[in-house]
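# Tertiary structure, described
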Amino acid sequence: MKTLDLDISGMTCAACVGRVERGLRKVEGVQEAHVNLATERASVTYDPALTNAAALVQKVVDTGYDAPTAELSFPVAGMTCAACVGRVERALNKTDGVLDASVNLATERASVRYLPASVSPAELKSAVVNAGYDVPEEQTQAASRLELERARKAEELAGLRRSLTFSAVFSVPLLLLSMVPMLYPLLHHWLLGTLGERAMNVLMLLLAAPVQFGPGLRFYRTGWAALRHRSPDMNTLVMLGTSAAFFYSLAVTLWPQLFPAGSRHVYFEASAVVITLILLGKYFEALAKGRSSEAMRTLLQLQPQSARVQRGTEVVEVPVDGVRVGDTVLVRSGERLPVDGEVLSGESYVDESMLTGESVPVHKAAGAKVTGGTVNGTGSLTFRATGVGADTALARIIRLVEDAQASRPPIQGLADRVVAQFVPLVLAIALVTFLAWLYVGGPSALSNALIHTVAVLIIACPCAMGLATPVSIMVGSGRAAQLGVLFRSGAALEGLGEAQTVALDKTGTVTRGVMEVTDVVVDGRWVMGDGELLRLAAIAEGPSEHPLARAIERAATLSPSPLAGEGLAQPGVRGRVTNEPAPSPTLPQPSSFQALPGYGLRAEVDGRRVEIGAARFMAQLGLPLGELGAKADELAARARTPVFAAVDGQLAGLLGVADPIREGSAEAIRTLTAQGLDVAMVTGDARATAEAVAREAGVNRVLAEVLPEGKAQAVAELQQCGQRVAFVGDGINDAPALAGADVGVAIGTGTDVAVETADVILLGGDLRSVPNAVALSRAVIRNIKLNLFWAFAYNVLLIPVAAGVLAPWGLGLSPVLAAAAMGLSSVFVMSNALRLRGFTPPLSVKG
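As the structure is a computational prediction, the values presented were derived from the model and not from experiment.

Analysis parameters
Residues numbered from 1 in each chain as written. Predicted model: local features only at pLDDT ≥ 70, side-chain atom pairs only at ≥ 80, totals over all residues. Heavy atoms only, no water. Helix = DSSP H or I, 4+ residues; strand = E, 2+ residues; numbered from the N terminus. Expected span 1.5 Å × (residues − 1). Buried < 20%, exposed > 50% of the residue type's maximum accessible area, 1.4 Å probe, protein only. Contact = heavy atoms within 4.5 Å. Core = buried A, V, L, I, M, F, W, Y, C linked by side-chain atoms within 4.5 Å. Pairing = 2+ DSSP bridges. Patch = residues over 30% accessible without salt bridge, like charges linked within 9 Å, V, L, I, M, F, W, Y side chains within 5 Å. Areas by Shrake-Rupley, 256 points an atom, 1.4 Å probe, with all protein chains shown as cover. Salt bridge = Lys/Arg side-chain N within 4 Å of Asp/Glu carboxyl O. Phe/Tyr/Trp six-rings, centres within 6.5 Å; stacked < 30°, edge-to-face > 60°. Lys NZ or Arg CZ within 6 Å of the ring centre and 35° of its normal. Axes fitted to C-alpha atoms, helices over the stretch in contact; angles between N-to-C directions. Parallel < 35°, antiparallel > 145°, perpendicular 65-115°, else oblique. Left-handed = near helix turned anticlockwise from the far one by under 90°. UniProt positions renumbered as here; feature names shortened; annotations may be inferred.

### Remarks on helix α3 (residues 82-93)
Taking 1.5 Å as the rise per residue, α3 with twelve residues should run 16 Å; its terminal C-alpha atoms sit 16 Å apart, in good agreement. All buried positions along α3 are accounted for by C84, V85, G86, V88, A91 and L92. In this structure, the buried residues of α3 make contact with β4 (70-75), β5 (98-104), β6 (109-114) and α4 (121-130).

Here it is, written out as structure tokens:
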């Protein structure tokens, strides 16, 4: 099975979405089809042996809508015969999203018609390269997906603006001609006396007809197609309502003798002004949709259009599509990195905030990984390209955001079920309204029946219902991406906000995941500084393979750094040593070394005998611990491992080694608790150690001594208590628990996290992103609920008013006011969703 994305234009309401989905699902081989009104995109899962992209596009067209395509022409080098042409064409036609491809051997060019939502120009060119041919670089660059999207939206907006302007030019005079005389009776009598009633009606007909059969034709095209497919939608309602008003008025104008005296009124202004107001609402809606996709455009704009690449002895500037894996890429100060890679030479700090949400630039030197789309600092970097095109981290992140925007949260199920029955129900209500007013309407029964029926048809357009959920998901997931949070689906976005318990993996999530020296305590009788003690201990530990040895080595070789803080290699400095790469030279080896399993080690360093180990080793050596013993007990209570050091038979000091709490973990856990969530920590550590870490981090519930394979069972036990559980882990070793939880949250780094299988992905390594994600999820769900409430309440309250239920009390709704109210409902839903762009997270995520 394959999944294909299609852009779809022409949809106006939730009924349109349903019709496109049903049409696509009827295509042989289609397993599933989901359509999103806010993004105007369909995602179709199908069997390529039974159907293809062209058949899916044709089905969309047959249903009454359009699936925009793009065309690309580019050179192909290396072809020598017709067999080469066939091979290139087959390679292109096999690429997902290609509708048709042709290759000309004489001109050595390929021409491709494709779906820009499913495949990019870079992927098309890669298919040719993978087939064994070359794609020479051209000066003119192919239109990027962002440019194609912008062009399509701009064309749609311009078309709406033209239609709206044309319609308003005729509708405004028509409205004045029909309404002003009613406000000024003397003017009305003067016009009747001057022109006559028939001439007035003909003049209004001449003003209304261009609107009805000009801009109004769009409603006939799609509305009739929907009616023909037995799936009436908003366009059908507008078509029926305006047609009823226009053709009734036309009949009164041409054959007034056929109507009772009390029913010889014309309603040309109703049909024309209704069309104008609906177009105005659509125009505002299109403007709002453009703003709702701003976050996605920001992500797309992160990728530069060109790159400087080493080709032979020269450095040439090529389109980013022309960068290949293995190319040497050069980046100057302040430039954006074009692709993913590994640094070969140079040193700089790179701003990764747009991808990870972390504000502090990250140091990059030889061997470091860099990500396309991030911004280089003041240095220059030369790196080898390791990920290009769709294989870059940025491309995968964009795909994740798009998938989330296209998916449906469970909360939308109610709206979908209502909308499926809504339009047919409205048509039934309109028919009942018409018949009821014919029966009780008195002398003007026919006119009253027409006006109230048209008002019902117009007020009930389900635009707001169709936009209520997808536009909030679209804006919310885009804002989440800006904060370094990726939701894989709408269900994940909804589920995280509904979680009641958050289970945190300890190692690598609450803690750093790497042993570090956290404390250095020097015995009062030790005459040298603590830096010298640390140096001697590190050299002695050199041949050891114990994890504690590596932590002591890193602490000793750490130099002072503006990012890492002061290192302990300097005499007289006490405190925590951060686990940064050691820039100083490698430590020398001890003259002799002896490991003593269960106790420690003995080594000779600079002519001194150094003995390092546990308290029992010091007891074996006959060295009283004194005040250091009490300090060791204190460290153990704080989940530190105490390591004693003796030099030349004298107790010199004590090192505390631990996997320290991540910066921000305690703050994140406090915030989660304040949000009303139960927080539990899951770890394989002994209970005493686990509880010590939990106390420091602020966790009240500890599940200790849990084996890696038992984490999923621990999650299941929490769920058995009736709780919805979100599990937060590193996304690799915790895969079973992530999969078993109601919502799996992977905490990691931006370059490798996109391949994880969690429901929610935190691009940075900061646990503070978890309460931020929870807060955003809850904000989105509140936003959706408000949208759905407005959409449903609006129809429930106003349809009876439009039908004339309150007419005995002098309250009613004309078709013109109904059209204005219908447009305002959509604008309200869009505006409400756009508020999510200003969402402020409860915690600041730092680098």
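### Side note on the nonpolar core
Among the nonpolar cores identified, the biggest contains 146 residues, and L6, M11, L56, F487, L496, V760 and L767 are the most heavily contacted of them. Element by element, the count of residues in this core is highest for helix α28 (residues 769-803), at 17 residues. If sequence neighbours within four positions are ignored, V760 has contacts with V485, L486, F487, A492, L496, V743, G744, V745 and A746. A537, A540, L587 and V657 belong to the second-largest nonpolar core, a separate cluster that totals 28 residues.

### Description of unusual backbone geometry
Unlike most non-glycine residues, D606 shows phi in positive territory, near 55°. Counting through the fold element by element, D606 comes out in the loop between β20 (600-605) and β21 (608-613). On the basis of relative accessible area, D606 is assigned to the exposed category, the value being 55%. You will see that D648, though not glycine, has its phi angle at about 55°, which is positive. Note on placement: D648 falls in the loop between β22 (641-647) and β23 (650-658).

### Some points on the sheet that holds strand β11 (residues 348-351)
Sheets are built from strands that pair by backbone hydrogen bonding, the pairs being arranged parallel or antiparallel. Pairing is antiparallel across the open sheet formed by three strands, whose spatial order is β12-β11-β14. Looking at which strands have only one partner, the edges of the open sheet turn out to be β12 (362-364) and β14 (375-376). When β11 meets β12, the two strands line up antiparallel, connected through three bridges. Of the residues in β12, the one forming a bridge with Y349 is H363.

### Digging into a nonpolar patch on the surface
Together, L786, F789, W790 and F828 make up an exposed nonpolar region whose accessible area comes to about 370 Å². The dominant element in the nonpolar patch, judged by the number of residues it contributes, is α28, at three residues. By the secondary structure assignment, F828 is in helix α29 (residues 815-834). For F828, a relative accessible area of 32% puts it in the partly exposed group.

### Comments concerning the environment of Q594
Looking at the secondary structure, you find Q594 in strand β19 (residues 592-596). Judged by relative accessible area, which is 39%, Q594 ranks as partly exposed. If we ignore the near neighbours within four places in the chain, the residues touching Q594 are L601 and R602.

### Description of the packing of aromatic side chains
Geometrically, a pair of aromatic rings is defined through the distance of the ring centres and the angle of the planes. Taken as a whole, this structure holds eight aromatic pairs when the rule is applied. Each ring, one from F213 and one from Y220, has its centre 6.2 Å from the other, and the planes form 20°; the classification is stacked. Measuring from centroid to centroid gives 5.3 Å for F246 and F247, while their planes differ by 90°, and the two rings are edge-to-face. Given the relative accessible area of 2%, F246 is considered buried. Through pairs of rings, three or more aromatic residues link up here, namely F213, Y220, F246, F247 and F268. Sitting over the ring of Y599, R616 keeps its end group 6.0 Å from the ring centre.

### Observations regarding the packing of helix α15 (residues 445-459) against α28
For the pair α15 and α28, the least separation of the axes is 8 Å and the interaxial angle reads 165°. When the interaxial angle is binned, α15 and α28 end up roughly antiparallel. The way α15 lies across α28 gives a crossing that is right-handed. Residue-level inspection shows H452, A455, V456 and I459 of α15 in contact with α28, the latter providing Y794, N795, L798, I799, A802 and A803.

### Points about the pairing of β23
Counting buried residues in β23 gives eight out of nine residues, a clear majority hidden from the surface. Sheet topology places strand β18 (residues 516-522) next to β23; six bridges connect them, and they run antiparallel. The partner of E516 across the bridge, within β23, is A658. Relative to β23, β22 runs antiparallel, the two sharing seven bridges. Bridge assignment links V647 to a residue of β23, and that residue is Q650. Adjacent in sequence and paired antiparallel, β22 and β23 are bridged by two residues, among which D648 carries a positive phi angle near 55°.

### Details of the UniProt feature "transmembrane region" (unreviewed entry) in the chain
Residues given the UniProt feature "transmembrane region" (unreviewed entry) here are residues 164-187, 199-217, 237-259, 265-284, 418-440, 446-469, 788-810 and 816-834. When the span residues 265-284 is considered, its composition is 85% helix and 0% strand, and the gap between its end C-alpha atoms is 33 Å.

### Details of the pattern of salt bridges
This model, assessed by the stated rule, comprises 23 salt bridges. Here E532 makes a salt bridge to R535, at a shortest N to O gap of 3.0 Å. In this pair, E532 and R535 are both assigned in helix α20 (residues 530-541), three residues apart and thus about one turn of the helix distant. Since its relative accessible area comes to 18%, E532 is described here as buried. Residue classification places R535 among the partly exposed positions, given a relative accessible area of 28%. The partner of R550 in a salt bridge is E553, and the shortest N-O contact between them spans 2.7 Å. Residue R550 and its partner E553 are located together in helix α21 (residues 547-557), separated by three residues, close to a single helical turn. Several salt bridges converge on common partners, so that one network encompasses E21, R25 and E32.

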